[in-house]
Amino acid sequence: MVLTTPISDEMIAKMKTGDLFYLTGELFCGRDAVLPRIVESLRAGSGPDLKGSAIFHTAVSAAGVGPTSSNKLEIESSIAPLSAAGVRLHIGKGQLHEKTIRALEQYHSVYAVIPPVTALLGERMISKEIVGYSELGMEAFYKISVKEYPIIIAAAHGRSIYDE
Amino acid sequence: MMNSGDVVKKVRDALIEASSTFSADKIRAYERAIGSEQDERAKFILRTLLENAQIAQKNKSPLCDDTGIPHLVLEAGPHSVITGKLLEDIRHGVEEGLKKLPGRPMGLLGNDSERLEQSGGISPNSEDVLPAPILLKESDEDITRLHIMMFGGGPAIRAKTYRVFHKHDVKEVMNEIVEWAIEAVAQLGCSPCTLAIGVGRSHYEASALMMEALVEGNYDRQSDMESEITNRVNESGIGPMGLRGRSSVLSTFMKVGPQRASGVRIVCLRPCCCFEPRIARVELA
């Protein structure tokens with residue numbers, strides 16, 4: 001199935017764990033270093049507009065992109081506040097905790113895993129730009145434009161694919 | 001003896017090959033897994049990983065954005081001459097390989113405490129990711145052969161080196177390894193794994209034997225113990241990326257070293273990710 005950003009609430013409502021999508025559009029990218037800063041900026045009222053957005057848990061470097069573990073403390077703890085701010089889709093890898101699954105449900109957001117296929121993702125990346133915290137280098141806040149990234153819905157509507 | 005420039009070039013090219021290429025036996029292991037896997041989602045992941053490997057090899061680009069930390073094993077035959085200059089050329093070749101690949105710039109700057117808390121900044125240069133200390137290994141062959149492996153962060157998080165009380169029964173050791181492996185594979189997002197295992201008398205020796213197991217390992221050849229570990233972990237049904245299936249582990253590479261007369265064995269287990277060992281070999285003489 002095809003999925004494009006921005007992601008609507010109607011689209012989220014139809015998703016279920018195990019669904020495979022080919023994702024096209026713009027994605028934000030961030031991981032351990034920058035996501036807590038984004039959360040802090042949202043609390044301070046100066047964060048970016050994230051409504052309907054997707055965030056890919058990855059560094060962006062000359063080597064390419066690829067998922068890091070979403071259950072790392074600083075990443076997973078960002079999922080609830082970022083969902084509250086409008087992020088509809090979190091993309092990474094690994095199993096999330098029950099508390100995070102519940103938060104995703106509360107804010108009508110979902111979590112997807114993406115195979116760590118850097119070479120393939122590189123061929124399907126159209127552009128990339130830093131949109132914040134450039135001092136963090138490869139861990140800065142990026143926006144990338146992509147076509148047909150393969151993702152599998154791993155948590156939606158209070159259910160986790162890892163518990164099935 | 002090979003001249004300095006040739007050593008640098010060969011090491012550079014080997015590092016790029018290790019980072020971008022699946023060996024023929026690894027491709028066959030993936031094809032076997034796709035053929036035997038019953039779960040359609042697992043099959044999709046395996047096929048996508050194989051497609052990624054084809055693109056990486058074609059482009060000589062990284063298989064994974066975590067391009068890893070270079071780990072080197074140098075095999076020296078009876079007439080091999082290992083000089084400080086050779087080691088310097090190897091180091092230079094690694095730097096050139098990381099620059100050309102390019103490797104992910106993830107070398108941290110600063111003093112000890114700054115590097116520990118990542119507060120001193122990240123070097124923008126790929127070549128500032130320094131290799132781990134070289135492991136030197138004797139060989140009966142008349143060679144000077146360098147093996148380059150690129151170790152990612154995910155497997156390092158889930159690896160374990162610890163003692164096992166064997167109770168004079170190999171089953172005790174095997175059961176402990178399988179228990180560790182199931183836990184590690186379930187936590188590792190990037191599977192199917194290759195399990196690398198060293199069993200020695202100290203943590204250092206067990207880790208070195210784990211490295212040797214990867215150097216000597218072949219996906220087409222499995223010992224009885226290796227097959228047993230692979231099969232038992234696969235029976236757990238964790239599957240590629242932890243999303244269920246029977247192909248959680250492609251193979252196990254295990255090396256058992258000399259052991260001491262005592263009730264303890266030291267086991268090092270690294271659950272190598274779907275791309276590792278990311279290995280290439282090059283002759284330097």
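Rules behind the numbers
- Residues numbered from 1 in each chain as written.
- Chains lettered and ligands numbered in written order.
- Predicted model: local features only at pLDDT ≥ 70, side-chain atom pairs only at ≥ 80, totals over all residues.
- Helix = DSSP H or I, 4+ residues; strand = E, 2+ residues; numbered from the N terminus.
- Buried ≥ 20, exposed ≤ 12 C-beta atoms within 10 Å, placed from the backbone.
- Contact = placed C-beta atoms within 7 Å.
- Rg over C-alpha atoms; globule rule 2.2 N^0.38 Å.
- Nonpolar A, V, L, I, M, F, W, Y, C, P; charged D, E, K, R; others polar.
- pLDDT = per-residue confidence, 0-100.
- Core = buried A, V, L, I, M, F, W, Y, C linked by C-beta atoms within 7 Å.
- Expected span 1.5 Å × (residues − 1).
- Pairing = 2+ DSSP bridges.
- Axes fitted to C-alpha atoms, helices over the stretch in contact; angles between N-to-C directions.
- Right-handed = clockwise from strand over helix to strand, strands pointing away.
- Parallel < 35°, antiparallel > 145°, perpendicular 65-115°, else oblique.
- Left-handed = near helix turned anticlockwise from the far one by under 90°.

*Asks:* Hey, could you run me through the overall build of chain A in this one?
*Replies:* Counting secondary structure elements, chain A contains five helices and eight strands. Each helix and strand of chain A, ordered N terminal to C terminal, gives the series β-α-β-α-β-α-β-α-β-α-β-β-β. Across its three principal directions, the C-alpha atoms of chain A cover 40 × 35 × 25 Å. Buried positions account for 48% of the 164 residues belonging to chain A. Summarising the internal contacts of chain A: among those between residues at least 6 apart in sequence, 68% fall at separations of at least 24.

*Asks:* I'm lost on the overall build of chain B in this one. Help?
*Replies:* When helices and strands are tallied, chain B shows nine helices and eight strands. In summary, chain B has a C-alpha radius of gyration of 19 Å against a globular reference of 19 Å for 285 residues, a match within 12%. With the principal axes as the frame, chain B shows a C-alpha extent of 50 × 50 × 45 Å. Restricting to contacts in chain B with at least 6 residues of sequence separation, those with at least 24 account for 79%.

*Asks:* Please clarify how the interface of chain B and chain A should be interpreted in this entry.
*Replies:* How big an interface is tends to be reported as the loss of accessible area on association of its parts. Tallying the contact residues gives 30 residues for chain B and 30 residues for chain A. When residues of the side of chain B that touches chain A are assigned to their parent elements, the largest contribution, ten residues, is made by helix α3 (residues 40-59) of chain B. Within the side of chain B that touches chain A, the residues separate by chemical class into 16 nonpolar, nine polar and five charged.

*Asks:* Help me out: how do you make sense of the confidence of the model for chain B in this one?
*Replies:* In low-pLDDT segments, the atomic positions of the prediction should not be examined closely. Taken residue by residue, chain B gives an average pLDDT of 97. The fraction at 70 or more is 100%. Here the predicted complex carries an ipTM of 0.92, next to a pTM of 0.94.

*Asks:* Before we go on, may I ask you to explain the environment of A:Y133 in this structure?
*Replies:* All names here are of chain A. Checked against the element boundaries, Y133 lands in the loop between β6 (125-132) and β7 (141-156). Assessed through the 17 C-beta atoms surrounding it within 10 Å, Y133 is described here as partly exposed. Here the alpha-carbon distance between Y133 and L96, two residues 37 residues apart in the chain, equals 26 Å. Beyond its immediate sequence surroundings of up to four residues, Y133 is in contact with V34, R37, A140 and F141.

*Asks:* In this structure, what is going on with the nonpolar core? I would like to understand it.
*Replies:* Nonpolar side chains in soluble globular proteins tend to be buried together. Of all hydrophobic cores here, the largest spans 122 residues; its most connected members are A:A112 and B:I197. At eleven residues, the largest contribution of residues to this core is made by β7(A).

*Asks:* Please explain helix α4 (residues 84-100) of chain B as it appears in this structure.
*Replies:* Think of an α-helix as 3.6 residues a turn; residues three or four steps apart then line up on the same face. Compared with an ideal rise of 1.5 Å per residue, which puts 17 residues at 24 Å, α4(B) spans 24 Å between its outermost C-alpha atoms and is within 8% of the ideal. Where α4(B) is buried, its residues meet α1 (4-20), β1 (69-76) and β3 (144-151) of chain B.

*Asks:* Help me out: how do you make sense of the sheet that holds strand β6 (residues 249-256) of chain B in this one?
*Replies:* Two orientations exist for strands paired in a sheet by backbone hydrogen bonds: parallel and antiparallel. Residues and elements named next belong to chain B. Pairing in this open sheet of four strands is mixed, and the strands run β4-β7-β5-β6 from one edge to the other. The outermost strands of the open sheet, each flanked by one partner alone, are β4 (160-165) and β6. Sheet twist, expressed as the average angle between the axes of neighbouring strands with direction ignored, equals 20°. Relative to strand β7 (residues 264-272), β4 runs antiparallel, the two sharing six bridges. The residue bridging R163 from the neighbouring strand is I266, located in β7. The sheet contacts of helix α9 (residues 224-235) involve β5 (193-200) and β6, and relative to β6 the element is tilted by about 140°.

*Asks:* What am I meant to see in the sheet that holds strand β8 (residues 279-283) of chain B here?
*Replies:* All names here are of chain B. Spatially, four strands are ordered β2-β1-β3-β8 in an open sheet, and the strand pairing comes out mixed. Edge positions in the sheet fall to β2 (135-138) and β8, since each has one partner strand and no second. Strand-to-strand twist across the sheet, computed as the mean angle between neighbouring axes with direction ignored, equals 20°. Bridge count between β1 and β2: four bridges; the pairing is parallel. Paired with E75 across the strands is K137, a residue of β2.

*Asks:* Can you help me understand helix α8 (residues 203-216) of chain B in this one?
*Replies:* Counted at 1.5 Å a residue, the expected span for α8(B) with its 14 residues is 20 Å, and the 20 Å between its end C-alpha atoms agrees. Regarding α8(B), the residues found buried are B:A206, B:A208, B:L209, B:M210, B:M211, B:E212, B:A213 and B:L214.

*Asks:* Hey, could you run me through the pairing of strand β2 (residues 20-30) of chain A in this one?
*Replies:* Within a regular strand, side chains alternate between the sheet's two faces. All names here are of chain A. Pairing geometry for strand β1 (residues 2-4) and β2, over three bridges, is parallel. Paired with T4 across the two strands is T24, which belongs to β2. The handedness of the β1 to β2 crossover, carried by helix α1 (residues 9-14), is right-handed. Looking at chain direction, β2 and β7 are connected through nine bridges and run antiparallel. Residue pairing in the sheet places L23 in a bridge with Y149 of β7. Here three bridges tie β2 to strand β3 (residues 53-57), and the two strands are oriented parallel to one another. Counted as the bridge partner of G30 is H57 from β3.

*Asks:* I keep staring at the packing of helix α7 (residues 170-187) of chain B against α9(B) and nothing clicks. Help me out?
*Replies:* The geometry of a pair of packed helices is captured by two quantities: the angle between their axes and the separation between those axes. Residue and element names in this part refer to chain B. Contact geometry for α7 and α9: axes closest at 9 Å, N-to-C directions at 45°. In this view, α7 runs oblique relative to α9, as classed from their interaxial angle. Classified by chirality, the crossing of α9 by α7 is right-handed. Here α7 contributes M174, I177, V178, A181, I182 and V185 to the contact with α9, which in turn contributes M225, E228, I229, R232 and V233. For the contact of α7 with α9, the residue count by class is nine nonpolar, no polar and two charged.

*Asks:* Quick question: what am I supposed to make of the packing of α1(B) against α4(B) here?
*Replies:* Residues and elements named next belong to chain B. Look at α1 against α4: their axes get within 7 Å of each other, and the N-to-C directions meet at 45°. What the angle tells us is that α1 and α4 run oblique. Crossing of α1 over α4 shows right-handed handedness. For the pair α1 and α4, contact is made by S4, V7, V8, K10, V11, R12, L15 and I16 and by K85, L86, D89, I90, H92, G93, V94, E96, G97, L98 and K100, respectively. Here the residues of the contact of α1 with α4 sort into nine nonpolar, four polar and six charged.

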